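# Structural characterization, general
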Amino acid sequence: MQHFHIDREILPGERIELFGEDHNHIKNVLRMKRGEKVVINDTQGLSHICALAGFGEGCSCFDEEERFPCETEPAARIVLYQGLPKKDKMDLIVEKAVELGVSRIVPVMTGRVIVKIEDDKKEARKLERWNAISKSAAMQSGRGIIPTVDRLMSFNQALEDARKLDRILIPYEESDTVGCTMKSSREAIKGLRDVKSVAVFIGPEGGFEAAEVQEAMRVGAVPVSLGKRILRTETAGLAALSIIMFELEDL
Ligand code: SAM
């Protein structure tokens, strides 16, 4: 069944109307007939099986037949705390992280972040763009929610925020210096099967300062290795999310 997205909650018994590209796809590309069914995901993590009732003024009208928790959401809520990268790398990171199941992305000003976001207006414009990318990636990948890209945080604010989650992982490019091995990293990933939420901290191009990693470990963060090679910041988060997705996807 074809999947569509609606950017709000769907109330029981309401008639659902899809407009614009969705309507055109349904009417002129799929040439759907009355009674034929689609799945419509709302922003509350629910999927709705709906039957086409007919066409209105520029819209396709559906009646809901069944609703259930959206099956495309990971078993754990994953929050990516991303050291703010240079240029427009964040666009790529947001899009791919959403496809890989992230629930929330927090840009973090760590000690080695080079980018400066001078004022709130500039930050607001970037957040607007990143959240639009998130919405489009969520629709394309059939997510049950539209992940948010939140306001910039300092490293300590981000750590404080992450402590509300069940587990904090910090992929660290010098993880061998803090006693982390591939074996311990694999165990840390396996351990995510028992939690409901996890934070992943990724450093910017310059990486983490040793003091930042120490501070993270002091509050319970687990350092993990992403292998023997140094990954670019835009690769590292996606590698970490892919490994986590692969571990949790069958739950
Ligand atoms: N400081 C590094 C260097 O000297 O080239 C660069 C840091 S890397 C570009 C950015 C971030 O990606 C790191 O802070 C870390 O979070 C993550 N990362 C990159 N490679 C990693 C690896 N092999 N294991 C764990 N984390 C890694």
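Computed from a prediction, not measured in an experiment: that's the story for all the values here.

### A look at the packing of aromatic side chains
Throughout the structure, instances matching the rule amount to 3 aromatic pairs. The interplanar angle of 10 degrees and the centroid separation of 4.6 Å between the aromatic rings of Tyr81 and Phe201 together place this pair among those described as stacked. Remark: Phe201 occurs in strand 11 (residues 197-202) and Tyr81 occurs in strand 6 (residues 77-83); sequence separation between them is 120 residues. We classify Tyr81 as buried; its relative accessible area is 0%. A relative accessible area of 1% means that Phe201 is categorised as buried. Among the aromatic side chains, those forming a connected cluster through ring pairs are Tyr81, Phe155, Phe201 and Phe208. Its guanidinium or amino end placed over the ring of Phe55, Lys27 lies 5.4 Å from that ring's centre, counting from NZ or CZ.

### Points about the environment of Lys96
Secondary-structure assignment places Lys96 in helix 2 (residues 89-99). As a C-alpha pair, Lys96 and Ala138 span 42 residues in sequence and 10.0 Å in three-dimensional space. Reaching out from Lys96, the side chain makes a polar contact with the side chain of Glu95 at a distance of 3.0 Å.

### Re the domain arrangement of the protein chain
In terms of domain boundaries, the protein chain breaks down into domain 1 (3-69) and domain 2 (77-248). For domain 1 versus domain 2, the separation of C-alpha centres amounts to 34 Å. Between domain 1 and domain 2 lies a buried interface of about 550 Å² when both sides are counted; carbon and sulfur atoms form 59% of it. Linking domain 1 to domain 2 there are 1 salt bridge. Its salt-bridge partner being Lys135, residue Asp7 comes within 2.8 Å of it at the nearest N-O pair. Across the contact surface, domain 1 and domain 2 share 5 residue pairs in polar contact (both at pLDDT 80 or more). Partitioning the side of domain 1 that touches domain 2 into residue classes produces 1 nonpolar, 5 polar and 2 charged.

About the thresholds
Chains are numbered independently. Their residues run from 1 in the order of the written sequence. For a predicted model such as this one, the threshold for reporting local features is a pLDDT of at least 70, and the threshold for listing and counting side-chain atom pairs is 80 or more; totals across whole chains, interfaces and linings nevertheless cover every residue. Hydrogens are left out, water is left out, and the side-chain values use all remaining heavy atoms of the structure. Aromatic pairs are defined between Phe, Tyr and Trp rings, using the six-membered ring for Trp, whenever the two ring centres lie within 6.5 Å; interplanar angles under 30 degrees are classed as stacked, those over 60 as edge-to-face, and all others as tilted. By definition, any uninterrupted DSSP run of H or I lasting at least four residues is a helix, any uninterrupted run of E lasting at least two residues is a strand, and each is numbered from the N terminus. With a 1.4 Å probe rolled over the protein chains alone, any residue whose accessible area is under 20% of its type maximum counts as buried; one over 50% counts as exposed, and the rest are partly exposed. Charge-over-ring placement is defined geometrically: NZ (Lys) or CZ (Arg) within 6 Å of the ring centre, and within 35 degrees of the ring normal. Two N or O atoms count as a polar contact when they lie within 3.5 Å, although within protein this holds only if one can serve as hydrogen donor and the other as acceptor, and sequence-adjacent residues are included solely when both atoms are side-chain atoms. Domain limits in this description derive from either an automatic procedure or a database domain assignment. Computed with a 1.4 Å rolling probe, the buried area is the accessible surface lost when two parts are put together, summed over both parts. The salt bridge criterion pairs a side-chain nitrogen of Lys or Arg with a carboxyl oxygen of Asp or Glu, the two atoms within 4 Å. Amino acid classes used here: Ala, Val, Leu, Ile, Met, Phe, Trp, Tyr, Cys and Pro are nonpolar; Asp, Glu, Lys and Arg are charged; the rest, including Gly, are polar.

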